[in-house]
Amino acid sequence: MTVPTHARVVVIGGGVIGCSVAYHLAHMGWTDVVLLERDRLTSGTTWHAAGLVVTFGSTSETSTEMRKYTRALYGRLEAETGQNTGLRQCGFIEVTADPDRLEEYRRVAAFNRHCGIDVDEISPRQVKELFPLAHVDDLLAGFHVADDGRADPVGVTMALAKGARQLGVTIVEGVPCTGVTRRGGAVTGVTTPAGDIAAEYVVNCAGIWARQLGAQAGVTIPLQAAEHYYLITERIPELAERGASWPVLEDPASYGYFREEVGGLMIGLFEPVCAPWNVRGVPEDFSFGEIQPDWDRMAGYIETAMRRVPIAMTTGVRKLFCGPESFTPDLQPCVGEAPELRNYFVAAGLNSIGILTGGGLGRVIAHWIVTGRPDVDVTGFHIDRLQPYQATPEYRRIRTVESLGMVYQCHYPSYVMQTARGAKRSPIHDRLAARNAFFRDVSGWEGADWYAPPGVEPRVSLSWGRPSWFGYWAAEHRAARDGVIAMDMSFMSKFLVEGRDAGRLLDWISANRVDGPSGVLTYTQWLDEAGKLQADLTVAKLDDERFWVVASDTAHRHALTWLRRHITDHHAFVADLTSGYGQLNVQGPRSRELLQSLTSADLSDAALPFRGVRDIDIGFAQVRCIRITYLGELGYELYIPTEQMVHVYDRIVAAGERFGLVHAGLKALASLRMEKAYRDYGHDIDNTDTVLEAGLGFAVDLIKPGGFLGKDAVVAQKASGPLGKRLVQVLVTDPEPLMFHAEIVRCNDRPCGYLRAASYGHTLGGAVGLAMIEAGGVPGGVIDQKALDAGRWDVEIAGRRYPARVSLRPLFDPDNRKIKG
Ligand SMILES: Cc1cc2nc3c(=O)[nH]c(=O)nc-3n(C[C@H](O)[C@H](O)[C@H](O)COP(=O)(O)OP(=O)(O)OC[C@H]3O[C@@H](n4cnc5c(N)ncnc54)[C@H](O)[C@@H]3O)c2cc1C
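Bear in mind that the values here come from a model prediction, so they are computed numbers and not experimental data. (Residues numbered from 1 in each chain as written. Predicted model: local features only at pLDDT ≥ 70, side-chain atom pairs only at ≥ 80, totals over all residues. Heavy atoms only, no water.)

S.K.: Please give an account of the overall build of the protein that cites residues and values.
M.R.: In terms of regular secondary structure, the protein is built from 20 helices and 37 strands. Against the globule reference of 28 Å for 821 residues, the protein gives a C-alpha radius of gyration of 27 Å, in line with a compact fold. Projecting the C-alpha coordinates of the protein onto the three principal axes gives extents of approximately 85 × 65 × 55 Å. Residue pairs at least 24 apart in sequence account for 72% of intrachain contacts in the protein once pairs closer than 6 positions are excluded. For the protein, the computed accessible surface area is about 29,700 Å², with 50% contributed by carbon and sulfur atoms. A gap of 3 Å separates the mean positions of the 85 positive and 98 negative side-chain charges of the protein. (Helix = DSSP H or I, 4+ residues; strand = E, 2+ residues; numbered from the N terminus. Rg over C-alpha atoms; globule rule 2.2 N^0.38 Å. Contact = heavy atoms within 4.5 Å. Areas by Shrake-Rupley, 256 points an atom, 1.4 Å probe, with all protein chains shown as cover. Lys, Arg positive; Asp, Glu negative; His and termini not counted. Charge placed at Lys NZ, Arg CZ, Asp CG, Glu CD.)

S.K.: Before we move on, can you summarise the site of the ligand with the specific residues and values?
M.R.: Looking at the ligand, there are 36 residues lining it, with Glu 37, Arg 38, Thr 46, Glu 325 and Leu 356 nearest. Within the contact set of the ligand, an oxygen atom lies 3.1 Å away from a backbone nitrogen or oxygen of Ile 17. Backbone polar atom of Leu 52 to an oxygen atom of the ligand: 2.8 Å apart, as the coordinates give it. Here the ligand has 990 Å² of accessible area as a free molecule, and 98% of this is covered by the chains. Sorting the residues of the shell around the ligand by element identifies helix H1 (16-27), strand S2 (33-37), strand S12 (224-235), strand S16 (317-327) and helix H9 (354-371) as the ones contributing at least two each. Grouping the constituent residues of the shell around the ligand by class yields 19 nonpolar, 14 polar and three charged. (Near = heavy atom within 4 Å. Polar contact = N/O pair within 3.5 Å; in protein donor to acceptor, adjacent residues only side chain to side chain. Nonpolar A, V, L, I, M, F, W, Y, C, P; charged D, E, K, R; others polar.)

S.K.: Please provide a residue-by-residue account of the sheet that holds strand S29 (residues 621-626), values included.
M.R.: Taken in spatial order, the six strands line up as S28-S29-S30-S27-S21-S31 in an open sheet, and their pairing is mixed. The sheet is open, and its two edges are formed by strand S28 (613-618) and strand S31 (662-663), each paired on a single side. As defined by bridge partners, S29 adjoins strand S30 (residues 635-641) across three bridges and the pair is classed as antiparallel. By the bridge assignment for S30, Arg 624 is matched with Tyr 639. Helix-sheet contacts for helix H16 (residues 645-656) involve strand S21 (485-488), strand S27 (581-587), S28, S29, S30 and S31, and the interaxial angle to S27 is about 15°. (Pairing = 2+ DSSP bridges. Axes fitted to C-alpha atoms, helices over the stretch in contact; angles between N-to-C directions.)

S.K.: Any details on the pairing of S27? Residues and values, ideally.
M.R.: S27 sits mainly inside the fold: six of its seven residues count as buried. Where S27 and S30 come together, seven bridges link them in antiparallel fashion. Paired with Tyr 581 across the bridge in S30 is Pro 641. (Buried < 20%, exposed > 50% of the residue type's maximum accessible area, 1.4 Å probe, protein only.)

S.K.: Tell me what's going on with the packing of H1 against helix H2 (residues 61-81), and back it up with residues and numbers.
M.R.: Two quantities define a packed helix pair, namely the angle between the helix axes and the distance between the axes. The N-to-C vectors of H1 and H2 enclose an angle of 70°; their axes lie 14 Å apart at closest approach. Relative to H2, H1 is oriented roughly perpendicular. Between H1, through Val 16, Tyr 23, His 24 and His 27, and H2, the contact on the second element is made entirely by Tyr 69, Leu 73, Tyr 74, Leu 77 and Glu 80. A class-by-class count of the residues in the contact of H1 with H2 yields six nonpolar, two polar and one charged. (Parallel < 35°, antiparallel > 145°, perpendicular 65-115°, else oblique.)

S.K.: Break down the pattern of salt bridges for me, citing the residues and quoting the values.
M.R.: Between side chains of opposite charge, a pair can form as their charged atoms come close. For the structure shown, the criterion picks out 55 salt bridges. Across the pair Glu 736 and Arg 466 runs a salt bridge whose closest N-O atoms are separated by 3.9 Å. Pair noted here: Glu 736 is in the loop between strand S32 (725-732) and strand S33 (744-747) and Arg 466 is in the loop between strand S20 (445-451) and helix H12 (470-482), with a separation of 270 residues, a long-range link. Here Glu 736 falls in the exposed class, since its relative accessible area comes to 52%. Note that Asp 815 and Arg 817 form a salt bridge whose closest N and O atoms lie 3.7 Å from each other. (Salt bridge = Lys/Arg side-chain N within 4 Å of Asp/Glu carboxyl O.)

S.K.: If you had to explain helix H3 (residues 99-114) to someone new, which residues and values would you point to?
M.R.: End to end, H3 covers 23 Å across 16 residues, agreeing with the expected 22 Å (1.5 Å per residue, within 8%). Buried residues of H3: Arg 101, Leu 102, Glu 104, Tyr 105, Arg 107, Val 108, Ala 109, Ala 110, Phe 111 and Asn 112, and no others. Positive phi shows up at Gly 116, right after H3, with a value of about 95°. (Expected span 1.5 Å × (residues − 1).)

The following block contains the structure:
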């Protein structure tokens, strides 16, 4: 077997994902592509997939768009390639017998409709008409998408491969990639037993093998293979005669989905407690493989599933199939350019939706490679959100059980991941625990979310309504507005950038002017050349050659990679000091009084104004004190050497008694910042937004000498007239309903956007969030405050519409009086 010596792109893996990437690269004009498949196409996981093609079910715009695109692609591939994809748009129904799931599916259905999916809520009787063998007596409703259905995974993959070949892609079967070559932090090709291939880009689409292959190149891909099952019954006359035209039926509460398969019933299963497979490493020679099914473990789940289609209980089983599929710590795929190695892309970890998203994912990756940037929001599934600690065998073994188990759970907004916890702790963790903190997983850190009063166990109740801790949360929120709070935010990412050119470098990559006077913090965004947001953070100038950069926990690897990759020939060095410093925020109108009582430094407004940075003494510690707020009050962020965190915390708490100091958690942070309409990258702003659309034009310095990366795009957008979309703050005027994410916003009955993130405004008195709205939905087609005030606005929450106020300026303290006071 010979392989080409050079290709522009080498794609590793001939499953549905690798073939889709190669197909889309070719369609975008990059035909100098080699796809390497270790064995034969589809021989990994793809060959045995159940082939569901479903657009319903996600509240991620990116995932929903990928599903829609995939369904449409599979519909046209046969005409293009002559290869049948087996696409049968027989419909799909998600059913529920549980009120909480009904609420969830209504929320999802509204969002999916907004994205252009035709979802109908149907009665149990209609479910029965469409799937006559279903037991429907206990059901509350079904959600039906007539155009969804199923496809043949092998047919789809072969069609993608054929389409790619037709355009010039070379597909080599029977040759594994054994490693990569690299130079200067970038990949330069791959090695194979048949010779090396020099390449500009490499794409790891190796499915359950992707983690091991990535590790060889130093790339972290923390996915884990797990057992995944379906059962096929003997022939059932009703199904054999008409069942091929029946929809796919899914009942997550019964752990199963159901469809016709060669005249019998296929029951696919997502069990709540699964079995990871080969944690130490997936065998390299596992091809067209099956795993010996574990009947004992699965029998109970199978029985429960069969109750939804009772005829299965009296029909023989033809096959219980078990195959491996990869799952990730948060059920999102691992996608994009690896932070460890330039031009090394990953598209793996599909969490059992690789067929139904595979077309769209291939398109996204190809677009990303060809143009240099993705054209969809990738913040939720970018490989750089994941961290090396998540690749440890113990983490994968434990977390995979929970993540796979979540697939069929009701996705309550207050659910927090329970397993693989305690990986990272702030130095004051035990003290916060003693104060009754409820902790949640914050990028592996134990983050205090809210505090229960003494004697009350901090526990979450799962519901869509007001949680049991709503009152505690409100009290923390009010303490920040009226008194003083302490909040541990040690999980924030902290970087020290030093060197003769540190200021020049940071000024070049920041849209704001960050290299002004020393001792001043600047809020800024980092943009790409197209003017799209890449980071949202603060830069504090300590002195001419030292800068303190702080980003959120989720942005850690993205911001660090962006920074490092732009150093080029600057005399600048980055140290990641996240572990070296704890962060304690003291915020609220009484924060100055409290801190002043503890330090010899002058904290008066004149000595330490808003945005000021000073090293101050507290007890035996020198603490970096920055007067800044993310919740809209007079307040301070204290950066404390890790080993002195406990000491400083104790001093603050002891002195705080006199000032009524309250401990506040991240729920309060979310509600406070949302009232002030402060943005959070990856939640309400992302890589598809420009700084102007995000309403952050005030943080852009268009006249600073030397300009900045992305400036031309900002200038061009400014000159091109009114914006097509803008981020607005939305406040529901009825104090009762809660918003979480993805609720649809209407102006004069016309949908014009959805809530990207939301919380509850305990001061504003209602659910509040940030929505990106389209100009086309606003009267006059121009989004300005006048048009917003003239419109009649409402938000759809679980099927009901509630009046809302919509604003471009923050509804809480728009003039920043409290911050500067
Ligand atoms: C029982 C079951 C049912 C499923 N049902 C559905 C469904 O209904 N709908 C849905 O959307 N998804 C479903 N899935 C999930 C779906 O099958 C996967 O998400 C998808 O097939 C993953 O595709 P892939 O290309 O990432 O991986 P794979 O298909 O495993 O492809 C990876 C390829 O890489 C090759 N490879 C590995 N290492 C190397 C190397 N070093 N060099 C070269 N080649 C290499 C392998 O041989 C393999 O062919 C199901 C999965 C299972 C197990």
